[in-house]
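# Coordinate analysis (summary)
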Amino acid sequence: MNATPLDEARKAAARRAARAIDALRRGWPVGVEANGQSLNLLPVETGNLEEALPSSGTVSLLISASRAATLKLLNQFAAADPNLPIQISLSAPVTAAEIIAIVDPVLDMQYPMKGPFCSEMLTNPPAAAAAMELARQGGLLPAFLIVDDAEDIVQAKDAAAYADSAALTISAHARLPVAANAEAHIFGFRSNADATDHIALVVGKRDSSTPVVRLHSECLTGDVLGSLKCDCGPQLHAALEQMGEATWGVLLYLRQEGRGIGLINKLRAYALQDQGFDTVDANQRLGFAIDARDFSIAARMLELLNIAKVKLLTNNPEKVSGLEACGVTVAERLPVKIAANPHNEYYLDTKRDRTGHQL
């Protein structure tokens, strides 16, 4: 079957976004185009700041709205949309260390005095918002220097094409006996947009009954290394055990480390927790949403497995609403019961206090 012009346009957009994300991770400037104008940006985390910073004049810096709130900055130029990034200017000369101290919250206690800052009118609001999303998709701190030139160009709307869950397909399938149940099959999902691979493990013998389903976001530190700071590893294994006791179940292992902010940023969140901030505050101080996970990916995986109705294993009602918003019927929410330890007791308590439930 020949691809439609719409399909080809989406693929082209996803390719542009993928190239832009790769460029940002390598520290190369990227031009984000919207409304016929290009906003040229150098990622603070990976870019060569010493080379890019001028010795005189002003330096314009783009940071996320939540990071700006931490720095007590108000987005007075975009009151209609408080989620838009903030553009600030500093008088040169400014050092790379000073810029990094502004954008990295882990350094706040080491460098508590910052500013004064001068807010600027956003040069290109749609492009600035898209840049924040591209940074998140690349696992980078959402902060950019505004520069004069960039070789790599991406359209602001391309960021959405990169994260298009409709592009997911089943790429591999095999039998995989696991400790919870020797009757299990594993499915690999891949997209021609985002290069991330996701996994579904079908546990037990499938029949017409409603399966027990767990949406589990990848957690290298908890799932693999046995971290005591979170409850991810115990929740994963408890969920598999509950599936093993049911007729059948499905584990959706989603490659959305750190609730969608990436591994390195999650480690930064750990460092902020060590400074006394809870999980919610840590994510916001880094410049991200409390939860940046994309439930449409899980919904698409269930669609490809021909599963329209589930019993969801979760302590988080927001997972129920997130999945149902994507067209999946949640017949029942089943709790995952695990015990706290001295290292994560505060972590679990603050999640309950700030969100009303365990995540």
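Nothing here was measured: the structure is a model prediction, and the numbers come from that model. (Residues numbered from 1 in each chain as written. Predicted model: local features only at pLDDT ≥ 70, side-chain atom pairs only at ≥ 80, totals over all residues. Heavy atoms only, no water.)

### Looking at the pairing of strand 3 (residues 58-63)
For strand 3, the tally of buried residues reaches five of six residues, placing the bulk of the element in the interior. Here strand 3 pairs with strand 4 (residues 86-91) via six bridges, running antiparallel. Each bridged residue has a counterpart across the sheet, and for Thr58 the counterpart in strand 4 is Ser91. In terms of strand pairing, strand 3 meets strand 6 (residues 143-146) through three bridges, oriented antiparallel. Paired with Leu62 across the bridge in strand 6 is Phe144. (Buried < 20%, exposed > 50% of the residue type's maximum accessible area, 1.4 Å probe, protein only. Helix = DSSP H or I, 4+ residues; strand = E, 2+ residues; numbered from the N terminus. Pairing = 2+ DSSP bridges.)

### Concerning the confidence of the model for the chain
Of all residues in the chain, 89% attain a pLDDT of 70 or more, and the chain-wide mean is 86. When the criterion is pLDDT under 50, residues 76-80 qualifies, and its contacts beyond four places in sequence or with other chains add up to five contacts. Throughout residues 350-359 the model reports pLDDT below 50, and contacts reaching past four residues in sequence, or to other chains, amount to 28 contacts. (pLDDT = per-residue confidence, 0-100. Contact = heavy atoms within 4.5 Å.)

### Description of the packing of aromatic side chains
Ring pairs (aromatic) are described by centroid distance and by the angle formed between their planes. Scanning the model with the defined rule gives zero aromatic pairs in all. Just above the ring of Tyr270 sits the side chain of Lys229; from NZ or CZ to the centre is 5.3 Å. (Phe/Tyr/Trp six-rings, centres within 6.5 Å; stacked < 30°, edge-to-face > 60°. Lys NZ or Arg CZ within 6 Å of the ring centre and 35° of its normal.)

### Things to note about helix 12 (residues 295-304)
Burial runs high along helix 12: seven of the ten residues are buried. Every buried residue belonging to helix 12 is among Phe295, Ile297, Ala298, Ala299, Arg300, Met301 and Leu302, and all of these are buried. Just downstream of helix 12, Asn306 is the residue with a positive phi angle, here 60 degrees.

### Quick look at the pairing of strand 1 (residues 30-34)
Of all five residues that make up strand 1, four are buried, and the element is covered over most of its length. By the bridge criterion, five bridges tie strand 1 to strand 2 (residues 37-43) in an arrangement that is antiparallel. Within strand 2, the residue paired with Glu33 across the bridge is Ser38. Once strand 1 ends, the chain turns through two residues before running back antiparallel as strand 2, passing Asn35 with a positive phi of about 55 degrees. In this structure, strand 1 lies alongside strand 7 (residues 152-155), joined through four bridges in parallel fashion. Each residue of the ladder has a partner; that of Gly31, found in strand 7, is Ile153.

### Things to note about the environment of Lys11
Along the polypeptide, Lys11 turns up in helix 1 (residues 5-25). Looking at Lys11, the relative accessible area reads 26%, which means it is partly exposed. Along the primary structure Lys11 and Ala161 are separated by 150 residues, whereas in three dimensions their C-alpha atoms are 7.6 Å apart.

### Thoughts on the sheet that holds strand 11 (residues 212-217)
An order of 8-9-10-12-11-13-14 is seen for the seven strands of this open sheet, with the pairing classed as mixed. This sheet does not close on itself; its edge strands, each paired only once, are strand 8 (168-175) and strand 14 (329-334). Pairwise comparison of adjacent strand axes, ignoring direction, gives a mean angle of 25 degrees for this sheet. Bridge analysis of strand 13 (residues 309-313) against strand 14 gives five bridges, and the strand direction is parallel. (Axes fitted to C-alpha atoms, helices over the stretch in contact; angles between N-to-C directions.)

### With respect to a nonpolar patch on the surface
A grouping of Leu220, Val224, Leu225, Leu263, Ile264 and Leu267 is seen on the molecular surface, where their side chains present a nonpolar patch of about 520 Å² in accessible area. For the nonpolar patch, the secondary-structure elements that each account for two or more residues are helix 7 (220-224) and helix 10 (263-274). Looking at the nonpolar patch, the element that brings in the most residues is helix 10, giving three residues. Residue position: Leu220 is located in helix 7. (Patch = residues over 30% accessible without salt bridge, like charges linked within 9 Å, V, L, I, M, F, W, Y side chains within 5 Å. Areas by Shrake-Rupley, 256 points an atom, 1.4 Å probe, with all protein chains shown as cover. Salt bridge = Lys/Arg side-chain N within 4 Å of Asp/Glu carboxyl O.)

### So, helix 10
A rise of 1.5 Å per residue sets the reference length of helix 10, with its twelve residues, at 16 Å; its end C-alpha atoms lie 17 Å apart and thus fit the reference within 8%. All of the buried residues in helix 10 are Asn265, Lys266, Arg268, Ala269, Tyr270, Leu272 and Gln273. Just downstream of helix 10 lies Gly276, where phi reads positive at about 110 degrees. (Expected span 1.5 Å × (residues − 1).)

### Thoughts on the side chain of Ser64
One can find Ser64 in the loop between strand 3 and helix 3 (65-70). When neighbours within four sequence positions are excluded, Ser64 is seen to be in contact with Pro85, Ile86, Met132, Pro142 and Gly287.

### So, the nonpolar core
In terms of nonpolar packing, the biggest core is built from 31 residues, with Leu49, Leu61, Ile63, Ile88, Ile99, Val103 and Leu145 touching the most fellow members. Those elements that place two or more of their residues in this core are strand 3, strand 4, helix 4 (96-103), strand 6, helix 10 and helix 11 (279-286). With four residues, helix 4 is the single largest residue contributor to this core. The next biggest cluster of nonpolar side chains, apart from the first, holds 26 residues, and it includes Ile21, Val30, Leu62 and Ala156. (Core = buried A, V, L, I, M, F, W, Y, C linked by side-chain atoms within 4.5 Å.)

### Overview of the packing of helix 12 against helix 13 (residues 317-324)
Closest axis-to-axis distance for the helix 12/helix 13 pair is 9 Å, and the angle between their directions is 60 degrees. In this view, helix 12 runs oblique relative to helix 13, as classed from their interaxial angle. Regarding helix 12 and helix 13, the two cross each other, and that crossing is right-handed. Counted together, Phe295, Ala298, Ala299 and Leu302 of helix 12 and Glu318, Lys319, Gly322 and Leu323 of helix 13 form the full contact between these two elements. (Parallel < 35°, antiparallel > 145°, perpendicular 65-115°, else oblique. Left-handed = near helix turned anticlockwise from the far one by under 90°.)

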